[in-house]
Amino acid sequence: MKLVWFRRDLRVKDNIALTEACKSGEPVMAIYYETPIQWKSHGMAPIQADLIRRRLMVLQQDLEALNIPLLFRTVNTFSDINPSLAQLCQQYQIADIYCIRDHELDEVNRDNSIAGLLSLTSTKLNVFDYKCIFPPGSVINGAGNIYRVFTPFKKAWIARLQRENVAPIGTPEPVQINATVQALLKQPSSIEFHYHQDDSVGWPIDDNTIIQRMRDFCRYRVEQYEASRDFPAIPATSQLSPYLAIGAISPRQCLARLFSENQNCLDKSGGGAHVWLSELIWREFYQHITASYPDISKGKGFQSWTDSITWNGDELQFARWKQGRTGFPIVDAAMRQLNETGWMHNRLRMIVASFLVKDLHIDWRWGEKYFMSKLIDGDFAANNGGWQWSASVGTDAQPYFRVFNPTAQSKKFDPNVRFIRRWLKELESVPDEALHEPYRWAEKQGIDLAYPRPIVDHKAARETAISMFEMAKSQQNTQRAES
DNA sequence: GTGTAGTTGTC
DNA sequence: ACAACTACA
């Protein structure tokens, strides 16, 4: 008997672990572990848990069509998986477990720990590198190191793409059944989550709809992507991130579809298709960084000199940011979109991140954690990479003296205030042209708005931020001179 | 060593 | 111009 252990690869198409298990010709069963205490410590968003739960129902049906029963178990943490899985292997005489590697440190340790345990038994753990199109550590520069700057990484990645076949693999053929599998297939579904859930029903979860969306995006919408993607009022992005985050679709499927619709996507002539390919490569870049630098998973900034920055610990200001009550409409509208829908437009993620770090001087990790707790597409590597970039503490981060001006960003990317208006109903009475800075208008009119005044002066906050970074930098230089 | 370049900007 | 460093070929 073979066992497929599903984690963040909740699909039957282009799933190498599943395909390899089916190749053997033996009966196959599958398992999913809910780990609510672990998820809580990772701060996983309840809405993402709900998306996973719904996806498992679909996956269970898709697997059933292949004669594979999907078992479901709840244990507290990753380490509690060990005894459960060992028992399962013994009970069903599992010769091989197949799964796809995750690259976060806790997940790597989970797999190492179970591999150690199983090495004392007759079960073999087969872990495949299939989360990225190219395995982390395998895209390297002339010196044999992994890339720490995006553009050279992207160049090398595309060059490699032209040499290697990375076509997705299809759904495997149905496998043999034995009496054990027969009995398991007849049992009613036991998928029931203990983790707190939030409604994700606005996101369709069946394969046909998801793949249709991917196809429609690559066929009809990607052309507009380059011109429109930065405007949060326009639904120009692919909206595929939640599905990539839980592995309902794979990057290979995305790439294959993009390429079949846009053969010129590999270079700049591909326009929007090329820009979207870059986003897929960003996803790979941050996965590779996470895999190669375990400290990333321990909350460390990649630029270690930024460790000496003393952040602002003001919980009240942090609460204002979380609630979307900072007095900067673009920031507040964005935070409310996050709070109410579990998703935020990427341009806005940069704006609110910059605001938290460079205007409120609050530790970027607080923001990173809050994002994870709300985002339906929460992915450790992508979220961490984005925050480190915004906070100027990461690989290839934006320079620390480059500080987003929230009002300028608002005027540039929400010029007709359609996005702000959608989310800030208390500003209904404010005319369009005043909506980027409503307090100015209200003061002139002598009106009291049911909306806060800006909680910081951006100009002064910007200077403080830059000097905080300069101080940390000079400390590093002093230390260097001493050693 | 030497040259080039670095997502998303602001003043 | 900023401000100055680093990654990479």
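As the structure is a prediction and not an experimental result, all values here were calculated from the model.

Draft legend 1. Structural detail: the side chain of D414. Structurally, the position occupied by D414 is in the loop between α17 (406–413) and α18 (418–423). One buried charged residue, D414, remains without a salt bridge, the closest side chain of opposite sign being R418 at 6.6 Å. Beyond its immediate sequence surroundings of up to four residues, D414 is in contact with A233, I330, Q409, F419, I420 and H436.

Draft legend 2. A look at the domain arrangement of chain A. Taken as a whole, chain A is organised into domain 1 (1–130), domain 2 (132–168 + 207–292) and domain 3 (304–482). The centre of domain 2, based on its C-alpha atoms, is set 27 Å off from the matching centre of domain 3. Of the residues lining the interface, 19 residues belong to domain 2; the matching set on domain 3 comes to 23 residues. With both sides pooled, the region where domain 2 packs onto domain 3 buries about 1,800 Å², and carbon together with sulfur makes up 60% of that total. Looking at the side of domain 2 facing domain 3, the largest losses of area belong to P232, A233 and Y286, adding up to 34% of the total buried there. Viewed at the interface, domain 3 and domain 2 are joined by one salt bridge.

Draft legend 3. Representation of the sheet that holds strand β4 (residues 96–100) within the structure. An order of β3-β2-β1-β4-β5 is seen for the five strands of this open sheet, with the pairing classed as parallel. At either end of the open sheet lies a strand with only one pairing partner, and these are β3 (70–74) and β5 (124–128). Neighbouring strand axes in the sheet, compared pairwise and without regard to direction, differ in orientation by 25° on average. By the bridge criterion, five bridges tie β4 to β5 in an arrangement that is parallel. If you follow I97 over to β5, its bridge partner there is L125. Helix α4 (residues 81–92) rests against β1 (2–6), β2 (28–34), β3 and β4 of the sheet, and its axis sits at about 165° to β2. Helix-sheet contacts for helix α5 (residues 105–118) involve β1, β4 and β5, and the interaxial angle to β5 is about 155°.

Draft legend 4. The pairing of β2, seen in detail. Burial analysis of β2 places seven of its seven residues in the buried class, which makes it a mostly covered element. Every second residue of β2 is oriented toward a common face, with V28, A30, Y32 and E34 on one face and M29, I31 and Y33 on the other, all of them buried. Direction of pairing for β1 relative to β2: parallel, over a ladder of five bridges. Bridge assignment links V4 to a residue of β2, and that residue is A30. In this fold, the crossover linking β1 to β2 by way of helix α1 (residues 16–23) has right-handed handedness. Sheet topology places β2 next to β3; five bridges connect them, and they run parallel. Bridge pairing links E34 to T74 in β3.

Definitions and cut-offs
- Residues numbered from 1 in each chain as written.
- Chains lettered and ligands numbered in written order.
- Predicted model: local features only at pLDDT ≥ 70, side-chain atom pairs only at ≥ 80, totals over all residues.
- Heavy atoms only, no water.
- Helix = DSSP H or I, 4+ residues; strand = E, 2+ residues; numbered from the N terminus.
- Buried < 20%, exposed > 50% of the residue type's maximum accessible area, 1.4 Å probe, protein only.
- Lys, Arg positive; Asp, Glu negative; His and termini not counted.
- Salt bridge = Lys/Arg side-chain N within 4 Å of Asp/Glu carboxyl O.
- Contact = heavy atoms within 4.5 Å.
- Domains from an automatic or database assignment.
- Buried area = accessible area lost by both parts, 1.4 Å probe.
- Pairing = 2+ DSSP bridges.
- Axes fitted to C-alpha atoms, helices over the stretch in contact; angles between N-to-C directions.
- Right-handed = clockwise from strand over helix to strand, strands pointing away.

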